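Structural features, examined
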Amino acid sequence: DRAQKSMLVTLADGTEYPVNFLQKDNTLYVGIDGLWWREFSGDGQLVSLLLKGRSLEGQAKVVLDDRELRNRIFAELRPKWPKWLPAWLNGKLVVIELHSAEVPTSS
């Protein structure tokens, strides 16, 4: 319910994924189920986004070592996810820092 709709993420190799996201200022948060989160390991990668009708770019990186951040963001992004499931089943958090100064607002 709280995810702010969806956007299209395009990886450097051209692969596209529609994803739900949560936006806070110039940062987008995405929960990834499946193995494609590995694309964002290490330094992450540059991604292209189609967000609210606008083409943007950002640096996407998976967050594996900050459980507090993950839990806080997922509480907003996935509020209906069953609390009894182990954390490893609740996907991985990917943080995208947008490059554009003209970022669409959350509304």
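Residues numbered from 1 in each chain as written. Predicted model: local features only at pLDDT ≥ 70, side-chain atom pairs only at ≥ 80, totals over all residues. Heavy atoms only, no water.

Of the pairings in the sheet, the one linking strand β5 (residues 45-51) to strand β6 (residues 54-63) comprises 7 bridges and is antiparallel in character. Residue pairing for β6: Q45 is matched across the bridge by A60. Between β5 and β6, which pair antiparallel and follow one another directly, the connecting turn spans 2 residues, one of which, K52, has a positive phi of 55°. Relative to strand β7 (residues 92-98), β6 is paired through 6 bridges, and the arrangement is antiparallel. Bridge pairing in β7 links G58 to L98. (Pairing = 2+ DSSP bridges. Helix = DSSP H or I, 4+ residues; strand = E, 2+ residues; numbered from the N terminus.)

Pairing is antiparallel across the open sheet formed by 7 strands, whose spatial order is β2-β1-β5-β6-β7-β4-β3. A strand with exactly one partner marks an edge of an open sheet, and here the two such strands are β2 (16-20) and β3 (22-24). Across the sheet, the axes of successive neighbouring strands diverge by a mean angle of 35°, strand direction being ignored. Of the pairings in the sheet, the one linking strand β1 (residues 6-10) to β5 comprises 3 bridges and is antiparallel in character. When the bridges of β5 are listed, T10 appears paired with S48. (Axes fitted to C-alpha atoms, helices over the stretch in contact; angles between N-to-C directions.)

One pass over the structure, following the stated rule, counts 2 aromatic pairs. Where Y17 meets W36, the ring centres are 3.7 Å apart and the plane angle is 5°; that geometry is what we call stacked. One end of the pair, Y17, is in strand β2; the other, W36, is in the loop between β4 (27-32) and β5, and 19 residues separate them in sequence. Overall, Y17 belongs to the partly exposed group, its relative accessible area being 23%. Ring geometry for W36 versus F40: centroids 5.8 Å apart, planes at 70°, classification edge-to-face. (Phe/Tyr/Trp six-rings, centres within 6.5 Å; stacked < 30°, edge-to-face > 60°. Buried < 20%, exposed > 50% of the residue type's maximum accessible area, 1.4 Å probe, protein only.)

Moving on, we get to unusual backbone geometry. Even without being glycine, D25 reaches a positive phi, approximately 60°. Of note, D25 is situated in the loop between β3 and β4. One non-glycine residue with positive phi stands out, namely K52, at about 55°. Relative to the assigned elements, K52 resides in the loop between β5 and β6.

Note that D43 resides in the loop between β4 and β5. Spatially, the C-alpha atom of D43 lies 8.8 Å from that of V62, the residues being 19 residues apart in sequence. Once you skip the residues sitting within four places of it in the chain, D43 turns out to touch Q59, A60 and K61. (Contact = heavy atoms within 4.5 Å.)

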